[in-house]
Protein chains: 2
Amino acid sequence: MSIAHSSFYNMLKVPEHQVAGHLAIDGKLGPLVDDSGRFYKPLQGDGRGNKELAFYESFSSDTRVPDHIRKYFPVCYGSQLLEASNGSGLLHHLVLQDIVSSHRNPSIMDVKIGSRTWYPEASDNYIQKCLEKDRRTTTVSLGFRIAGLQLYGGKESGYWRPGRKEVQSFTVYNVRSILRRFVSSNSSIGNENSDCSFAPSIYGGSAGILEQLLELKAWFEDQTIYHFHSCSLLILFDKESVSKGSASVPEIKLIDFAHVVEGKGVIDHNFLGGLCSLIKFVSDVLSDSKESSIKDCVESEKPGICTDNGNCQ
Amino acid sequence: MSIAHSSFYNMLKVPEHQVAGHLAIDGKLGPLVDDSGRFYKPLQGDGRGNKELAFYESFSSDTRVPDHIRKYFPVCYGSQLLEASNGSGLLHHLVLQDIVSSHRNPSIMDVKIGSRTWYPEASDNYIQKCLEKDRRTTTVSLGFRIAGLQLYGGKESGYWRPGRKEVQSFTVYNVRSILRRFVSSNSSIGNENSDCSFAPSIYGGSAGILEQLLELKAWFEDQTIYHFHSCSLLILFDKESVSKGSASVPEIKLIDFAHVVEGKGVIDHNFLGGLCSLIKFVSDVLSDSKESSIKDCVESEKPGICTDNGNCQ
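Residues numbered from 1 in each chain as written. Chains lettered and ligands numbered in written order. Predicted model: local features only at pLDDT ≥ 70, side-chain atom pairs only at ≥ 80, totals over all residues. Heavy atoms only, no water.

## Concerning the overall build of chain A
Defined as follows: Secondary structure counts use DSSP, requiring at least four H or I residues in a row for a helix and at least two E residues in a row for a strand, with both numbered from the N terminus. Here a residue-residue contact requires only that any non-hydrogen atoms of the pair lie within 4.5 Å.
For chain A, the count of helices and strands is 11 helices and 11 strands. Sequence-distant contacts, at least 24 apart, represent 66% of the contacts inside chain A between residues at least 6 apart.

## Some remarks on the sheet that holds strand β4 (residues 90-97) of chain B
Residue and element names in this part refer to chain B. We count it as follows: Strand pairing is assigned whenever DSSP detects at least two bridges linking the two strands. Interaxial angle, 0 to 180 degrees, is taken between N-to-C directions of lines fitted to C-alpha atoms, where a helix line uses only the stretch in contact.
Ordered in space as β1-β2-β4-β3, the 4 strands form an open sheet in which the pairing is antiparallel. Pairing within the sheet leaves two strands with one partner each, and these edge strands are β1 (32-33) and β3 (76-83). Sheet analysis places strand β2 (residues 38-42) next to β4, joined by 5 bridges and oriented antiparallel. In the strand pairing of β4, Tyr 40 is matched with Val 95. The sheet strands contacting helix α2 (residues 48-61) are β2, β3 and β4, and the helix crosses β4 at an angle near 35°.

## Thoughts on the sheet that holds strand β10 (residues 251-255) of chain A
Residue and element names in this part refer to chain A. The sheet built from 5 strands is open, its strands ordered β7-β6-β5-β9-β10 with antiparallel pairing. The open sheet has two edge strands, β7 (159-160) and β10, and neither has a second partner. The sheet contact formed by strand β9 (residues 232-238) and β10 spans 5 bridges and is antiparallel. Bridged to Leu 234 within β10 is Lys 253. Along the sheet, helix α7 (residues 172-181) makes contact with β5 (106-113), β6 (144-152) and β7, crossing β6 at roughly 35°. Across the sheet, helix α9 (residues 209-220) lies against β9 and β10, angled at about 40° from β10, the strand it touches most.

## Digging into the pattern of salt bridges
Side chains bearing opposite charge may pair, as long as their charged atoms lie close to each other. Stated precisely, the cut-off is as follows: Salt bridge, as used here, is a side-chain nitrogen of Lys or Arg placed within 4 Å of a carboxyl oxygen of Asp or Glu. Three exposure classes are used, based on accessible area relative to the maximum for each residue type with a 1.4 Å probe and protein chains only: buried under 20%, partly exposed in between, and exposed over 50%.
Scanning the model with the defined rule gives 32 salt bridges over all chains in all. Of the charged contacts in the structure, one is a salt bridge between A:Asp35 and A:Lys13, with a shortest N-O distance of 2.5 Å. Placement of A:Asp35 in the loop between β1 (32-33) and β2 (38-42) and of A:Lys13 in the loop between α1 (6-10) and β1 is noted, with a sequence separation of 22 residues between them. Note on A:Asp35: relative accessible area 60%, which makes it exposed. A:Asp284 is paired through a salt bridge with A:Lys280; the nearest N and O atoms lie 3.4 Å apart. Highlighted residues: A:Asp284 and A:Lys280, both in helix α11 (residues 269-294), separated by 4 residues, approximately one helical turn. Among the charged side chains, a salt-bridge network with shared partners connects A:Arg176, A:Lys280, A:Asp284 and B:Asp222.

## A few points about the relation of the copies chain B and chain A
Stated formally: Superposition of the copies was done by least squares, using only C-alpha atoms of residues whose pLDDT is at least 70 in both.
In screw terms, the move from chain B to chain A is a rotation of 180° and a rise of 0.0 Å along the axis, fitting with an RMSD of 0.0 Å. What we have between these two chains is a two-fold relation. Residue B:Gly273 of chain B places its C-alpha closer to the rotation axis than any other residue of that unit, at 2.2 Å. A high fraction, 100%, of the interface residues of chain B reappear at the interface in chain A, so the copies pair face to face through one surface.

## With respect to the nonpolar core
The tendency in soluble globular proteins is for nonpolar side chains to be buried side by side. Using the following cut-off: Throughout, nonpolar core names a set of buried Ala, Val, Leu, Ile, Met, Phe, Trp, Tyr and Cys residues whose side chains join them through atoms within 4.5 Å.
Counting residues in hydrophobic clusters, the biggest one holds 124 residues, and the most contacted among them are A:Phe73, A:Tyr203, A:Phe228, B:Phe73, B:Tyr203 and B:Phe228. Once you skip the residues sitting within four places of it in the chain, B:Phe73 turns out to touch B:Phe55, B:Phe59, B:Gln97, B:Trp219, B:Phe228, B:Lys253, B:Leu254 and B:Phe257. Core analysis: the second largest hydrophobic core is formed by 16 residues, A:Ala122, A:Cys130, A:Val140 and B:Cys130 among them.

## Here's the deal with a nonpolar patch on the surface
Residues and elements named next belong to chain A. As a reminder of what qualifies: Only residues whose relative accessible area exceeds 30% and that form no salt bridge are eligible for patches; like-charged ones are grouped when within 9 Å, while nonpolar side chains (Val, Leu, Ile, Met, Phe, Trp, Tyr) are grouped when within 5 Å. For every accessible area listed, the method is Shrake-Rupley and the probe measures 1.4 Å; residues are considered covered only by the protein chains on display.
Residues Val 14, Leu 23 and Ile 25 make up a contiguous nonpolar surface patch of about 200 Å² in total accessible area. With respect to the helices and strands, the residue Leu 23 is situated in the loop between α1 and β1. Of the residues examined, Leu 23 reaches a relative accessible area of 32% and is grouped as partly exposed.

The following block contains the structure:
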């Protein structure tokens, strides 16, 4: 562990593309990033920070975790004492890979996985608080909830980033609609008839989101090391790269491990069930996009003109 | 619907192999069976009976349910007015296939699947009641709980059928141990070193329990028609047939559909997660039994003699 010099500290800034969690703005405590691709997350004082650090330490040295699964987790560089973003002085920060830094104009979705966010060992109070929110959001009904997102619409329209209250009020219908808008060329204009034209290149294909989710699922069907409560799956990609046919690959990453507990020989059925539900949603969007490409836009309400790749305009 | 004649009623009897639920003994209301392989389940008065009947009616006519999945559900022959077992007079009964009747000395396990037994639309009171029991049993931790069982130990020792209180107190450790004892030749003698000698023929093989569970799982990964809350999976087989090398096939059947609700386009992630957890447990027992067969019983605490098929004596 090292203490950051103030010259180093000056280079730290508020993350531009953080879609959920505490933001380091208005004198509040939140994560910071630097220009070298590192993400500094303040260790929360109630023990959660230390639990997350302990998870990263355990995970990085656990030889039972297969190599092809490690790519779904941010690299951890230990912890560091830094000036906290709220001006409260030096504070331990978890030093992580800044996942977003390799993307220019990332579209990002933060999906909290599981039909419950509490863990069996938690206090009754904590369980009731989580249960109430799990029932109010889509956590119980869908097995996951969207915790935050931003969609890049292009140079002119910029980002669509719904506020926290809007995100927390998403219904099953909204979630399905957002998973379509997320991969549509007309996502930024509030169009309900999302064209899903990027679905084949983002969700589909051998390196697409669906294949990555299926690889993660296969691990969760077998691994009994960890139970990932209240953990998020980030889905991110660069729409501009995709539009230009560049080889930018869509990514999924797991984040937020403050509530990970030992699996003790039991699979994480709570995470796995929610993951399977998300997989079904993503796979439905992909099937629909293929069907609508075949059907020459019959599903679009207005008669449309279809391009060769099935986009409806 | 027909009213049973009293001569017909006289043929009805209390099921010999019912391991969970209300028993039709001591003047209580419970299901009855006849000699023709039918099972008569009284329609519970609080609407649950009618909900279960409605499920069977919907299920039997739903063309979206593939034929290879129907075999995992009892056949339903509608409903019938019968003298109730508690002497309260005529009562509607659901007429079902008596799953157990084709087995001579069945070993049976009733496994309630899902990490929650309540459904989102239920009342707060009902949810709290279920949640309390789900936390007290292995439902939350394992994604399933054993709701009842009987193990046939042979002509001399007969059946081991733990009482309701004992079953409700099963821990994760107990469940793992019972899934081993369930397929062991020394199951009836309270031996902790279960030999799992029947695991390859009951859990394994192309027609074994594991393959059937995997077939069911594949359907649950895709089906969005029903959510099966508080539903049980029966695992049953005839140990004597297996010992004698007969072709009796182990079976799984889903039962108890009073709390099934519409899936509305979402998979039953709660059931699926629990099912995957059970699959992992069964598959662990199977792997262990294969390993111990190779290792010549090194896992057994006492030095043992191994037969050709890997049984440790």
